[in-house]
Amino acid sequence: MIRSKKMFAAGLATTVSAVALSVGAMAAPASAAGSVDCSGSVHGIDGRGIATCSNNSDRTIRFRAEVVCGLAPDVSGDWVTVNPGQVGQSSATCAWYSSGVGSVGWTVE
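Residues numbered from 1 in each chain as written. Predicted model: local features only at pLDDT ≥ 70, side-chain atom pairs only at ≥ 80, totals over all residues. Heavy atoms only, no water.

Observations regarding the confidence of the model for the protein
Any region with low pLDDT has predicted coordinates that should not be read closely.
Argument step 1. Mean pLDDT over the protein works out to 78, with 70% of the residues at or above the 70 mark.
Argument step 2. A low-confidence stretch, residues 3–32 (pLDDT under 50), is modelled with zero contacts involving residues beyond four sequence positions or located in other chains. (pLDDT = per-residue confidence, 0-100. Contact = heavy atoms within 4.5 Å.)

Structure below.
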């Protein structure tokens, strides 16, 4: 009985290790493919939140600006498609009754 429990535990440990290695192997190519560099800013005149992303990867990406608005609902910009080696911008404007842009973030697909 004890021997079968030890064999089961050893088999389970081997399976868990194999799954962890498989997941790690799948994640490696994405990080080796390059990166997407983004920054957020606020337009000085009309108060738009702007996300600018540079696609340094080897695949096409989509992103959009996520703007936090004070005293009004947060807003999202339009989705922008950026090819490898290109730069794109997405922006969104807070409602008129907002106290302004609190921060600018982005979502990348």
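Description of the nonpolar core
It is characteristic of soluble globular proteins that their nonpolar side chains tend to be buried jointly.
Argument step 1. Ranked by size, the top nonpolar core spans 14 residues in total, and within it Ala51, Phe63, Val67, Cys69 and Val82 carry the most contacts.
Argument step 2. At the level of secondary structure, the elements contributing two or more residues to this core comprise strand 2 (49–55), strand 3 (61–70) and strand 5 (80–82).
Argument step 3. With five residues, strand 3 is the single largest residue contributor to this core.
Argument step 4. Once you skip the residues sitting within four places of it in the chain, Cys69 turns out to touch Asp74, Val75, Cys94, Ser98 and Gly100. (Core = buried A, V, L, I, M, F, W, Y, C linked by side-chain atoms within 4.5 Å. Buried < 20%, exposed > 50% of the residue type's maximum accessible area, 1.4 Å probe, protein only. Helix = DSSP H or I, 4+ residues; strand = E, 2+ residues; numbered from the N terminus.)

Some points on the pairing of strand 6 (residues 87–92)
Argument step 1. Only one face of strand 6 is buried, namely the one carrying Gly88, Ser90 and Ala92, since none of Val87, Gln89 and Ser91 on the opposite face is buried.
Argument step 2. Pairing of strand 2 with strand 6 involves six bridges; the strand directions are antiparallel. Looking at strand 6, one finds that Gly49 is bridged to Ala92. (Pairing = 2+ DSSP bridges.)

Digging into the sheet that holds strand 6
Argument step 1. In space, the three strands of this open sheet follow the order 1-2-6, with antiparallel pairing throughout. The sheet terminates laterally at strand 1 (36–42) and strand 6, the two strands that pair on one side only. Neighbour to neighbour, the strand axes of the sheet diverge by 20° on average, direction disregarded.
Argument step 2. Where strand 1 meets strand 2, seven bridges bridge the pair, whose relative direction is antiparallel. Residue pairing in the sheet places Val36 in a bridge with Asn55 of strand 2. (Axes fitted to C-alpha atoms, helices over the stretch in contact; angles between N-to-C directions.)

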